[in-house]
Each structure stands twice: as structure tokens, then as C-alpha cells.
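Below, each chain spelled out in residue letters.
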Amino acid sequence: MENNYSLLSNTFKIFFTMNVLLLWLCFLIDTQALFTPDSDCGKTKGCYSDCGDDGTTFLISWTSDSTAVNFTIQVELASNADQYGAVGLSTSPQSMGDTSVTSCLMTNSNSAFTVQNSYNTGRTNTPIAPNPTDGLSGTTGSYIGNLFTCSFARTIANSNSQVFNLNNDYYILYARGTVSGGNTIQQHAPSGRSFSAVKVDLQSLTNVCAGVDMRVKAHGCIAIIAWMILANLGYFIARYYKPLWSSKKVFGSDIWFLIHRVLMVSAAVLTIISFGVIIQGKFTVGSNSFERSHPYIGIIVFCFVIINPIIGLLRPDKQSKYRPVFYWVHYCIGAGVLILGLINIFIGIRLEEADTSNQAYYVFLGYESFQIAMIVVLEVLKYIEGKKAKNVESDREMKAVHSDGVADKEETKKDKEDLPYAWTAKLILLCVHVIVTVILPLAVVGIVATSTSSTD
């Protein structure tokens, strides 16, 4: 039993350390720099941006006269590597195909700025032949303090049908990406584009915000409920709170065991639903390696969410010598997947595709701080119980596991008589824990569902 306690203690240390690392990660990866949209938007010029609560990561603005529309593209970039910012015009919402595109290319370490027209056919972008600069003039560009700015004029009418007439209304698309060979634009990452929710009249001074893919928000909200509420409480009840109900049984098992099972199965079902909502057959998101790990971590979590319940159903008989092995495998997978799930939620609310305010990041920070504080307090109480009652808590855990969640009534009763203050404290902590663990994630859900992006 001493070896079992040592293994449990080591597992807890790993779980606690990973929580601390996640909290440290929250502090380390702060929001990237934003810029303030032009106050003249909607007054003296038309504008299209992501309309972030704390700023914006891109802005396309325009004014028009009788012969041309004067565009300015501003994009927040992390480096002066060869990159481009582009404005696209489409007759179909949320479609990059059949789109007239004008791109501003920044090359030679931000010393050269050129503009060209091109046309999207499906996912293929082709420069307009024979002259991709026909109808374009007045090009200027700069890259100052990570802000890429490019201005140009595009004639309203063009003899080439793939260079759309600007007297018509279009959905506006924005894209950014890399440039190769000095003049070839590469396909943008999913996080490097957006689209307007409505058609825009380029002869007007309207101020338009980027549209939102509601599947992304639905995916995030479902995952938050699954992992920040259900899986989290399922873990804590199994580790810290099960003695509170060990004298009450349903269908021959402790109530804690049934609550744990219902919470974890519910979390698994919601995880599968969230995966189904977002799956598109592609796994490229984010603008850096950290963000691009999101779908791969999600796949790992999805797989183990299915595997762990199957392991539970195949658990050996309580007299089997392999029963302790089952317990540790089941526990370690559950704790590890919980941490991965929380990490992936943190990554998810940082993605540009989520179009989420920084408030979600700060609420998540508070949530994770609270969980770490709860782990410390509950571990201290657990240690006190073990010392005072002369009965290590892990003994009861192993007994509960070996009897399918059925604990010794007399032992539990004696513990409660010897340590009434500890049980009262745990009951109070449980109430506080449930309230905070429900309220904070629901606040994140509300922010994700209703807010607009303030990150890049």
C-alpha cells in the first residue's frame, strides 16, 4: 500500500506541475500588439476590419471618386519577411473562389512594395494576364512597428472580366500570407483570412466588420463545458470528495462513483459532438507552431476520450492482480487528457478563427489560478486527514477501487467522527468549487459566443 501511495503522490505531483505550467503559459503568451482603427471609418472613408474590442489586426479602408477607388490595407505582422496583404471581392459569402483579388506585396525585407491583380478559381490564385498591374496606380507602402501599410488606386472599370467592376456590391475578403520568388503569393493559412458578413458598396462610407464562422464558436463553447466544467469536476470528486458520500449508495455503489461516471461520460459525449461540429477534413489552423498544435492535441484528446471508457468497461475483477494496474492506467489517462483538454482550450481561445475577445483569456487565467489553489488546499486537508486519523487517504481510494466504489462504512464513519472540521471544510470547499467551476467557464462561453477578436 505504501508503494501505491507513493505512486499516487508522484502522479499528483505531475498533475499539479502541469497545471502550474499551464498557468505560467497563460502569463507567458500574452496578447500580441494591435492597432487602433482609423477614427474616420464610417465618416470620411469606408472600412472593413475584424472590429476587435481592444483594437484590430487588419484594416482595409477606401474612398472613391468618379474613376477609381483608393484602397489602404493595414496589417499587423510579426516580421518584415516577404509577405502580402490582399483585398478580395466576391459575389458569394464566405467563398474564396471566383474572387477578384488585389494584393500588395512587401518584399526585400520591406524595402519594396508592389501591387497586382489576380483571380481565384477554387483554391488557385492566378495573376491577371497579360498585365496584372493594369488599372492599378499610386502604390505606396511602409512597415513601421510591425504595422504593414499599403495604399493604391484601382480603376472602377477594367476591360478584363476577372477584374470586377467596382460599381457593384461585393462581399469583401481579406487575406495575408507569404511571398516567394519576389512576386508569387502563397496560399494563406486559415487564420490569415476573413470575410465580411454582408455585401459592401465601395462607393459608400460604411464601416463593416468581419463575419464569424459560428461552427468555430459552437465547437469552442461545447469543448469548454466538457473540459472546464464536467471533466474537471469529475476528476476532483473522484480524488478529493468521495468520502463525503461514501455512506450513501445507489445500485450498490457509492454516490461519488456514479457522479464521477456521469460527469466523465457527459464530457466524453460533448467532446465527440464538438469534434463533429468542427471537423472539415483539414487540420491547419493558427499562424505559429503553438497554435497549429490545436487540432493535433484535439485528435489525441478525442481518441483517449473513447479509449478510457472502454478501459473502464474492461476493468479486471476486483480480486485480479491486474486491478491496481487498471486503476493507475485509467487514472493517468484521465488526468493527462484533462490537462491536454485545458491546454487545447487555452490555445483555442487564442486562435484568430475563434474571433474572441481578450476577456476570455483573462477569465481562463482566473479559472486556472483557482483550480491550482483548490488543489493545494485539498491536498493539505488530505494530508491532515491521513495524519490525524492514522489512515492514509490512498488506502480508502484503493479500497474504493477494489470494491467498485463501495467504501467501508465504519471506517468512513470513524473518520468523520475524528475529523468533523475536515469534513465540514471539504463540504464547504465543494460548494465553492462547484459554483466557481461552473460560473467561470460559462463566462468564457458567453465571451466566446458573443465577442469579437482582439488577438492575432
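In the annotation of an unreviewed UniProt entry, the protein chain is listed under the name Cytochrome b561 domain-containing protein and assigned to Mytilus coruscus. Its UniProt record, at the heading Subcellular location (unreviewed entry), says of the protein chain: "Membrane".

J.: Help me out: how do you make sense of the pattern of salt bridges in this one?
T.: When charged atoms on two side chains of opposite charge get close, those side chains can pair. A complete count under the given rule lists one salt bridge for this structure. A salt bridge links Glu-379 to Arg-239, with the nearest nitrogen and oxygen atoms 2.8 Å apart. With Glu-379 in helix α7 (residues 358–389) and Arg-239 in helix α2 (residues 214–241), this residue pair connects regions lying 140 residues apart in the sequence. Each of the two residues, Glu-379 as well as Arg-239, counts as buried.

J.: Can you help me understand the UniProt feature "transmembrane region" (unreviewed entry) in the protein chain in this one?
T.: Within the UniProt annotation, "transmembrane region" (unreviewed entry) is assigned to residues 222–241, 262–283, 295–314, 326–349, 361–381 and 427–449. The span residues 222–241 is 100% helix and 0% strand, and its two end C-alpha atoms sit 26 Å from each other.

J.: Can you help me understand the nonpolar core in this one?
T.: When a protein is soluble and globular, its nonpolar side chains tend to lie buried together. Core analysis: the largest hydrophobic core is formed by 54 residues, its most contacted members being Trp-227, Met-228, Phe-236 and Tyr-241. Taken together, the elements giving at least two residues each to this core come down to α2, α3 (255–278), α5 (294–313), α6 (323–350), α7 and α10 (420–450). The next biggest cluster of nonpolar side chains, apart from the first, holds 33 residues, and it includes Ile-73, Tyr-143, Val-163 and Val-208.

J.: What should I look at first to understand the side chain of Ser-118 in this one?
T.: Within the fold, Ser-118 resides in strand β6 (residues 112–121). Residue Ser-118 is classed as buried on the basis of its relative accessible area of 0%. Of the polar contacts made by the side chain of Ser-118, one reaches the side chain of Asn-125; its length is 2.8 Å. With residues near it in sequence (within four places) discarded, Ser-118 still touches Thr-99, Ser-100, Val-101, Ser-103, Asn-125, Thr-126, Pro-127 and Ile-128.

J.: Where do I start with the state of the cysteines in this structure?
T.: Disulfide: a covalent bond formed between the sulfur atoms of two cysteine residues. Applying the stated rule across the entire model yields two disulfides. Through a disulfide, Cys-41 is tied to Cys-47; the S-S separation comes to 2.0 Å. Linking Cys-41 and Cys-47, the disulfide has an S-S dihedral of approximately -80° and is accordingly described as left-handed. Accessibility assignment for this pair places Cys-41 and Cys-47 in one class, buried. Between the sulfur atoms of Cys-104 and its disulfide mate Cys-150 the distance is 1.8 Å. Torsion about the S-S bond of the Cys-104 and Cys-150 cystine: about 85°, corresponding to right-handed handedness.

J.: Sorry if this is basic, but what is going on with the packing of α5 against α6 here?
T.: The packing of two helices is summarised by the inter-axis angle and the distance between the axes. Contact geometry for α5 and α6: axes closest at 9 Å, N-to-C directions at 155°. By the angle class used here, α5 and α6 are roughly antiparallel. Viewed along their axes, α5 and α6 form a crossing whose handedness is left-handed. On the side of α5, the interface is formed by His-294, Ile-297, Gly-298, Ile-300, Val-301, Phe-304, Val-305, Asn-308, Ile-311 and Gly-312, while α6 contributes Phe-326, Val-329, His-330, Ile-333, Gly-334, Val-337, Leu-340, Gly-341, Ile-343, Asn-344, Ile-347 and Gly-348.

J.: Got a minute to help me understand unusual backbone geometry in this structure?
T.: Only a minority of non-glycine residues have a phi that is not negative, and only a minority of peptide bonds are not trans. Geometrically, the link from Ala-129 to Pro-130 is a cis peptide bond, its omega value of 5° lying close to zero. You can see Pro-130 is positioned in the loop between β7 (124–127) and β8 (136–144). Unlike most non-glycine residues, Ser-109 shows phi in positive territory, near 55°. Within the secondary structure, Ser-109 sits in the loop between β5 (99–107) and β6.

About the cut-offs
- Note that residues are indexed from 1 along each chain, following the sequence as it is written.
- Given that this is a predicted model, residues contribute local features only at a pLDDT of at least 70 and side-chain atom pairs are listed and counted only at 80 or more, while totals for whole chains, interfaces and linings are drawn from all residues.
- For side-chain calculations, the full set of non-hydrogen atoms in the structure is used, while hydrogens and water are omitted.
- UniProt positions are given in the numbering used here, feature names are shortened, and annotations may be inferred rather than shown by experiment.
- Salt-bridge detection follows one rule: a side-chain nitrogen of Lys or Arg within 4 Å of a carboxyl oxygen of Asp or Glu.
- Runs of H or I in DSSP of at least four residues are treated as helices and runs of E of at least two as strands, each being numbered from the N terminus.
- A simple rule labels every residue: compare its accessible area, found with a 1.4 Å probe on the protein chains alone, to the largest value its type can have, and call it buried under 20%, exposed over 50%, or partly exposed in between.
- Residue types Ala, Val, Leu, Ile, Met, Phe, Trp, Tyr and Cys, when buried and joined through side-chain atoms within 4.5 Å, form a set referred to as a nonpolar core.
- Any N or O atom pair separated by 3.5 Å or less is treated as a polar contact, with the protein-specific requirement of one donor-capable and one acceptor-capable atom, and with residues adjacent in sequence counted only for side-chain atom pairs.
- By definition in these notes, contact holds between two residues if any of their heavy atoms fall within 4.5 Å.
- Here, the term disulfide refers to a pair of cysteine sulfur atoms separated by no more than 2.5 Å.
- For every element, the axis is a line fit to its C-alpha atoms; helices are fit only across the contacting stretch, and the angle between N-to-C directions ranges from 0 to 180 degrees.
- Every angle not falling under 35 degrees, over 145, or within 65 to 115 is termed oblique; those three ranges are roughly parallel, roughly antiparallel and roughly perpendicular.
- Left-handed describes a crossing whose near helix is turned anticlockwise from the far helix through less than a right angle; right-handed describes the clockwise counterpart.

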